[in-house]
4 protein chains.
Amino acid sequence: MTRPDPSEPHELSRRSPFLATLGVSLVERSERQATICLTVDEQHLRSRGIAHGGVIAALLDTAMGIAVAEHSPEGKFPVTAQLDTKFVRPAWDGEDLLATGEVCHYGSQTAVARGEVRTAQGVLVATGSGTFVFVVDPAPGQDRLPRRPD
Amino acid sequence: MTRPDPSEPHELSRRSPFLATLGVSLVERSERQATICLTVDEQHLRSRGIAHGGVIAALLDTAMGIAVAEHSPEGKFPVTAQLDTKFVRPAWDGEDLLATGEVCHYGSQTAVARGEVRTAQGVLVATGSGTFVFVVDPAPGQDRLPRRPD
Amino acid sequence: MTRPDPSEPHELSRRSPFLATLGVSLVERSERQATICLTVDEQHLRSRGIAHGGVIAALLDTAMGIAVAEHSPEGKFPVTAQLDTKFVRPAWDGEDLLATGEVCHYGSQTAVARGEVRTAQGVLVATGSGTFVFVVDPAPGQDRLPRRPD
Amino acid sequence: MTRPDPSEPHELSRRSPFLATLGVSLVERSERQATICLTVDEQHLRSRGIAHGGVIAALLDTAMGIAVAEHSPEGKFPVTAQLDTKFVRPAWDGEDLLATGEVCHYGSQTAVARGEVRTAQGVLVATGSGTFVFVVDPAPGQDRLPRRPD
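Everything in this summary refers to the structure shown in the same document.

Conventions and cut-offs
- Residues numbered from 1 in each chain as written.
- Chains lettered and ligands numbered in written order.
- Predicted model: local features only at pLDDT ≥ 70, side-chain atom pairs only at ≥ 80, totals over all residues.
- Heavy atoms only, no water.
- Pairing = 2+ DSSP bridges.
- Helix = DSSP H or I, 4+ residues; strand = E, 2+ residues; numbered from the N terminus.
- Axes fitted to C-alpha atoms, helices over the stretch in contact; angles between N-to-C directions.
- Phe/Tyr/Trp six-rings, centres within 6.5 Å; stacked < 30°, edge-to-face > 60°.
- Lys NZ or Arg CZ within 6 Å of the ring centre and 35° of its normal.
- Contact = heavy atoms within 4.5 Å.
- Buried area = accessible area lost by both parts, 1.4 Å probe.
- Salt bridge = Lys/Arg side-chain N within 4 Å of Asp/Glu carboxyl O.
- Polar contact = N/O pair within 3.5 Å; in protein donor to acceptor, adjacent residues only side chain to side chain.
- Buried < 20%, exposed > 50% of the residue type's maximum accessible area, 1.4 Å probe, protein only.

To continue, consider the sheet that holds strand 5 (residues 110-119) of chain D. With antiparallel pairing, the 12 strands of this open sheet are ordered in space as 1(C)-2(C)-4(C)-5(C)-6(C)-3(C)-3(D)-6(D)-5(D)-4(D)-2(D)-1(D). A strand with exactly one partner marks an edge of an open sheet, and here the two such strands are strand 1 (25-30) of chain C together with strand 1 (25-30) of chain D. Taken over all neighbouring pairs, the strand axes of this sheet differ in orientation by 20° on average, direction set aside. In this structure, strand 3 (residues 76-87) of chain C lies alongside strand 3 (residues 76-87) of chain D, joined through 5 bridges in antiparallel fashion.

Below, the structure is given as structure tokens:
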């Protein structure tokens, strides 16, 4: 596990305030795979002193989403349509977590990915999978999607 | 939607630093149902200026978990074993979100719940469901679970 | 529960040999909802004498799929992209099961539905939900999709 | 893919009439993994001439269930609590399908597995995962579970 230099504001944090708040960093990204990391601290905890399920789900969604986004069809970007999260073991305060996402399938309309969250020691914390839908980017090159009327 | 008085530190926030960070409040809790709320702001956003999927998953997990916890068997507490999140519409900066969780089934070992996230105007943002497992509470009455060796 | 007249070969069975084999009949179909039924018999059983999980998943997929198909965009038809099945109680030999599917959301590319399987006495057997993707019909009006090369 | 000798009535078919009807055979079973096979024919089809989603879900549930059952705690057996099925590509009449299940996690109360369905040529048809709960066997050594009152 190569930890990114925390003194350098990271691409993920620049683009997503939520990932900046959580303290998520990109570890590595390749053709169809991505790995991110987070150190569990007080702010991530639910009752009983363990990481909240939403933190784990966020890690899986992010790692798989980065992996899928590498190959979006021209003019489109992927949105998560469905996220399955299976919790295996609590994540404790102070633990370093690594989340990996891997693409299983690219189609013209959808992609399927799977992911895992493990401790730095390799102990499985959660598994997940996602269905992603490619949607037309209404504002290519812009930071913010224009809001659609309901 | 009755908004809780923000000047009063709320039970959810006292017990869960993550929910305090997100700004989640309890709206209402009854026999087999719970409703919580959150106002989307800058800190919840992913790239493209919409709420991160992990925020939505956290709302569903929390609302369903509160609903399920009402009836845990004596000496046990529920943990989320599986969380299904289906994303329907982006949640935009400034929107008030309401998440409801409802118990579908109580068994001796497991419970099943379903949930929804809607805007204050009633527009569907996400649906979800969860399988919860009742585990023996190793530290009844204490705030923190003792850490288990792997 | 209005049982269809078994002497009349039913639309579902005509169109799907698998549903004919299982013995699934349509009970009712309305704007955004569909109900189907099946009587559990020997052929549906897994080991231990209870209905196989695949039978329950098939009921949920079918009921939700019929509900979603009612409103497909012109020239498109829905395919199941993701199916979540939560098993609550075994279904026993001889029981009449009713499966309902209900549309939660229609979009231009996807639809989301949820479903339930209950006994004729109303006891919950399973809950489920599905994400459906609308794909262009390559052979409108024909019984069989032309096979695509991989 | 070693195909089992069809002249020998197979263990899976003996124990599960549903798997016998579908024509599912065990290919191989090891420590934490199982592979089964099925040749798609007319009886497995939904409308439009492709395999019904329930057939694919049944393959995933079965392959993962066999893998998990290998290590059940003494006096217990696993039941599927949740099954996630992600459909990637239609399965066509005449195709040989291989489904594999692999255990990701064994706990004292639950197990988590993941699975895949591929054609004999290795093309991905579906991915899946399951949460299994170990329940006390009320009738050890007997073929049928005694029916519980609701």
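Our focus in this paragraph is the packing of aromatic side chains. In the structure shown here, the tally under the stated rule is 0 aromatic pairs over all chains. One cation-aromatic arrangement involves B:Arg48 over A:Phe77; the distance from NZ or CZ to the ring centre is 4.8 Å.

Right, let's get into the interface of chain A and chain B. Frequently, the measure chosen for interface size is the accessible area removed from exposure when the parts meet. Of the residues lining the interface, 50 residues belong to chain A; the matching set on chain B comes to 50 residues. Between chain A and chain B, the buried area comes to about 4200 Å², and carbon and sulfur atoms account for 51% of it. Three residues stand out in chain A for area buried against chain B, namely A:Phe18, A:Arg48 and A:Trp92, and they jointly supply 19% of the buried area on that side. For the interface between chain A and chain B, the tally reads 10 salt bridges. Our enumeration of links across chain A and chain B arrives at 29 residue pairs in polar contact (both at pLDDT 80 or more). If you list the elements that add at least two residues to the side of chain A that touches chain B, you get helix 2 (17-22), helix 3 (53-69) and strand 3 (76-87) of chain A. Counting residues per element, the side of chain A that touches chain B draws most heavily on strand 3 of chain A, at 10 residues.

Right, let's get into the pattern of salt bridges. Residues and elements named next belong to chain D. Counted under the stated rule, the structure contains 52 salt bridges over all chains. Glu11 is the salt-bridge partner of Arg29, the closest N and O atoms lying 3.8 Å from each other. Of this pair, Arg29 sits in strand 1 while Glu11 sits in helix 1 (residues 11-15); the two residues are 18 residues apart in sequence, bridging distant segments of the chain. We classify Arg29 as partly exposed; its relative accessible area is 34%.

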